[in-house]
Amino acid sequence: MATDPADSGEPRQSSHFLRLYALAWAGGAIAYVPFLTMLLPTRVADISGPQAVHWLGYLSFAGAIAASLGGILFGWLSDVTGRRQAWIGAGLALNVGLLLTMARIDAILPLAATLILWQLGLNMMLGPLAALAGDSVPDRQKGLLGGLLAFAPAAGAAAGAIVTIPALAPVETRFALVALMVVACVLPLLLLGRPRPFPDLMRSSGQAATGRIDFDRSIVRMWTARLAVQISEAALFAYLLYYFRSIDPAIRDADTARIFSVVLVTAIPLALLAGRWADRSGRAIVPLRLSAALSAAGLAIMAASGGIAMALAGYVLFGLATTVFLSLHSSQTLRVLPRPSLRGRDLGLFNLTNTVPSLIMPWLTIAIVPGFGYAPLIWLLAGLAGLAWVLLSTISALPKAA
């Protein structure tokens, strides 16, 4: 009979730290989801008027580049200094200060400069925070960690819904509310989070002792699979309302927001169950393969749908599977990085899978949708999710749990 890794009696990270870490990770989502999806577009429209769409595109592009570079830079700096919590705290302070500043800016160029600094501050917090999980959570709990990370997207969506309640606060105060929620989520980890040390997690896997990443096949395939799924997720996140309205013009933005929220909340227990199963079975790659396949199936249903009911069913399947995939992938990626001494830098490179889609997706959509409609675009996205399944199917197993 196979041994249950979760019941092996080997040391495990405390539930107290895992809960605080999940709360802090949710705080990261709260920092950017309401801001990028609602507060920033509103602020740009107030400042630039008819040119808002163009300026928002420019700002999003510049912000994605800053986020890409910031994740690598501050992850590496936390490697060099060995003080993850100090960088998280500095990033938290910078993020909050710049959020409050942007509420008072009334010119587009200062807003653009502040946005770039804000992205750097955000990744000063998130890069070391991601690496802290690699330093603190043994592989036998990586599945549980991934399930806990599924709370973050739902928290970000909930925060957006709260701060945009018309009677709750004026527009300028909404920035302060977001900042307050971020502090409330991240600060407990910095003040109370004392992870149990795991020396094994800080030992190199035995790969080359140079500062270069040894891009073995598992790393390349894990990176490419996540990029493929992230492009699909980013495209639907941005254009979901337009897609639904192309099928049924009566669909409102409030309807889409509710569907999106229900999917994110429902995905949480599914991710926790899948993560716990991965820990107990020792087969970490299986939930990733299955969720990638279901993502592709959901997109195929959407592309082939002739009515709103079938389109909604396809999206629900895609949304659930993709949320589970991205949450578990974030934690299981920590298994394949070869050098703990450069874990923050390497996670910054993996983070490009989150930022690069923001650079690709608008041009992909513009090239396809105006001339051919949404169905060809969604078939292409289904192909990308299917590619992720193929890539993960060629990995026999992730490295053995530490």
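Quick caveat, the model's predicted, so the values are computed rather than measured.

## A short note on the overall build of the protein
Then step 1. Summing up its helical and strand segments, the protein has 14 helices and zero strands in all.
Then step 2. Each helix and strand of the protein, ordered N terminal to C terminal, gives the series α-α-α-α-α-α-α-α-α-α-α-α-α-α.
Then step 3. Over its C-alpha atoms the protein spans a radius of gyration of 21 Å, differing by no more than 12% from the 21 Å that the globule rule assigns to 402 residues.
Then step 4. Each principal axis of the C-alpha distribution contributes one length, and for the protein these read about 60 × 45 × 40 Å.
Then step 5. Counting only residues that meet the buried cut, the protein has 51% of its 402 residues in that class.
Then step 6. A total of about 17,200 Å² of accessible surface is found on the protein, and carbon and sulfur atoms cover 69% of it.

## With respect to empty space enclosed by the protein
Then step 1. Applying the stated criterion to the full structure yields one cavity of 30 Å³ or more.
Then step 2. Approximately 30 Å³ is the volume attributed to the largest cavity.
Then step 3. For the largest cavity, the full set of lining residues is Ala235, Leu236, Tyr239, Tyr243, Tyr374, Leu377 and Ile378.
Then step 4. Elements represented by at least two residues in the lining of the largest cavity include exactly helix H8 (217-247) and helix H14 (374-393).
Then step 5. Of the residues forming the lining of the largest cavity, the biggest block, four residues, is contributed by H8.
Then step 6. Here the residues of the lining of the largest cavity sort into seven nonpolar, no polar and no charged.

## Overview of the side chain of Ser78
Then step 1. Examined against the element boundaries, Ser78 turns out to sit in helix H2 (residues 52-81).
Then step 2. Side-chain polar atoms of Ser78 contact the side chain of Arg84, separated by 2.7 Å.
Then step 3. Those residues in contact with Ser78 that sit more than four places away from it in its chain are Arg83, Arg84, Trp87 and Pro128.

## So, a nonpolar patch on the surface
Then step 1. A cluster of nonpolar residues, Phe61, Ile65, Leu69, Trp363 and Ile366, forms a patch on the protein surface that exposes about 550 Å² of accessible area.
Then step 2. Sorting the residues of the nonpolar patch by element identifies H2 and helix H13 (352-372) as the ones contributing at least two each.
Then step 3. Considering every element that reaches the nonpolar patch, the biggest residue donor is H2, with three residues.
Then step 4. Looking at where Trp363 falls in the secondary structure, it is placed in helix H13.

## What about the nonpolar core?
Then step 1. Ranked by internal contacts, the top residues of the largest apolar core, which has 113 residues, are Tyr21, Phe35, Met125, Leu299, Tyr315 and Leu392.
Then step 2. Broken down by element, the residue count for this core peaks at 14 residues, all from H8.
Then step 3. Those residues within four positions of Met125 in sequence are excluded, and the remaining contacts are Gly28, Ala31, Trp87, Ile88, Gly91, Leu92, Val182 and Val186.

## Description of the packing of aromatic side chains
Then step 1. All told, the structure shown has ten aromatic pairs when counted by the stated rule.
Then step 2. Between the aromatic rings of Tyr243 and Phe244, the centroid separation amounts to 5.5 Å while the plane-to-plane angle is 45°, which identifies the pairing as tilted. Side by side, Tyr243 and Phe244 carry an identical accessibility label, which is buried.
Then step 3. An angle of 45° between the planes, with centres 6.4 Å apart, marks the rings of Tyr315 and Phe318 as tilted. Highlighted residues: Tyr315 and Phe318, both in helix H11 (residues 308-336), separated by three residues, approximately one helical turn.

## Quick notes on the environment of Ala161
Then step 1. Structurally, Ala161 can be placed in helix H6 (residues 151-163).
Then step 2. For the pair Ala161 and Gly63, spaced 98 residues apart in sequence, the C-alpha to C-alpha distance is 23 Å.

## Looking at the pattern of salt bridges
It is possible for side chains of opposite charge to pair when their charged atoms get near one another.
Then step 1. According to the stated counting rule, one finds six salt bridges in the structure shown.
Then step 2. A salt bridge links Lys142 to Asp139; the shortest N-O distance between them is 2.5 Å. Summarising the burial analysis for this pair, Lys142 and Asp139 share the class buried.
Then step 3. The salt bridge involving Asp346 is made with Arg345; its shortest N-O contact spans 2.9 Å.
Then step 4. Assessed through its relative accessible area of 16%, Arg345 is described here as buried.
Then step 5. In the salt-bridge network here, residues are joined through shared partners; they are Asp79, Arg84, Asp135 and Arg343.

## Remarks on helix H1 (residues 15-48)
Then step 1. Taking 1.5 Å per residue, 34 residues should reach 50 Å; H1 reaches 48 Å between its end C-alpha atoms and fits that length.
Then step 2. Its maximal kink placed at Phe35, H1 deviates by approximately 50°.

## So, the confidence of the model for the protein
Then step 1. Confidence along the protein averages 86 in pLDDT terms, with 93% of residues attaining 70 or more.
Then step 2. Per-residue pLDDT, averaged within each element of the protein, yields its smallest value for H13 (82) and its largest for helix H10 (residues 285-304) (95).
Then step 3. In the predicted structure, residues 1-6 sits below a pLDDT of 50 and forms twelve contacts with residues beyond four places in sequence or in another chain.

## Some thoughts on the side chain of Arg174
Then step 1. Mapping Arg174 onto the fold places it in helix H7 (residues 171-192).
Then step 2. Relative accessible area serves as the criterion here: at 15%, Arg174 is assigned to the buried category.
Then step 3. Ignoring anything within four residues of it in the chain, the contact list for Arg174 reads Leu39, Val163, Thr164, Ile165, Pro166 and Ala169.

Parameters at a glance
- Residues numbered from 1 in each chain as written.
- Predicted model: local features only at pLDDT ≥ 70, side-chain atom pairs only at ≥ 80, totals over all residues.
- Heavy atoms only, no water.
- Helix = DSSP H or I, 4+ residues; strand = E, 2+ residues; numbered from the N terminus.
- Rg over C-alpha atoms; globule rule 2.2 N^0.38 Å.
- Buried < 20%, exposed > 50% of the residue type's maximum accessible area, 1.4 Å probe, protein only.
- Areas by Shrake-Rupley, 256 points an atom, 1.4 Å probe, with all protein chains shown as cover.
- 1 Å grid on protein atoms, 1.4 Å probe; cavity = no way out; pocket = protein on both sides within 12 Å on 5 of 7 lines; lining within 4 Å.
- Points joined across faces, edges and corners; volume = space filled by probe spheres on them.
- Nonpolar A, V, L, I, M, F, W, Y, C, P; charged D, E, K, R; others polar.
- Polar contact = N/O pair within 3.5 Å; in protein donor to acceptor, adjacent residues only side chain to side chain.
- Contact = heavy atoms within 4.5 Å.
- Patch = residues over 30% accessible without salt bridge, like charges linked within 9 Å, V, L, I, M, F, W, Y side chains within 5 Å.
- Salt bridge = Lys/Arg side-chain N within 4 Å of Asp/Glu carboxyl O.
- Core = buried A, V, L, I, M, F, W, Y, C linked by side-chain atoms within 4.5 Å.
- Phe/Tyr/Trp six-rings, centres within 6.5 Å; stacked < 30°, edge-to-face > 60°.
- Expected span 1.5 Å × (residues − 1).
- Bend = angle between axes of the 7 residues up to and from the residue.
- pLDDT = per-residue confidence, 0-100.

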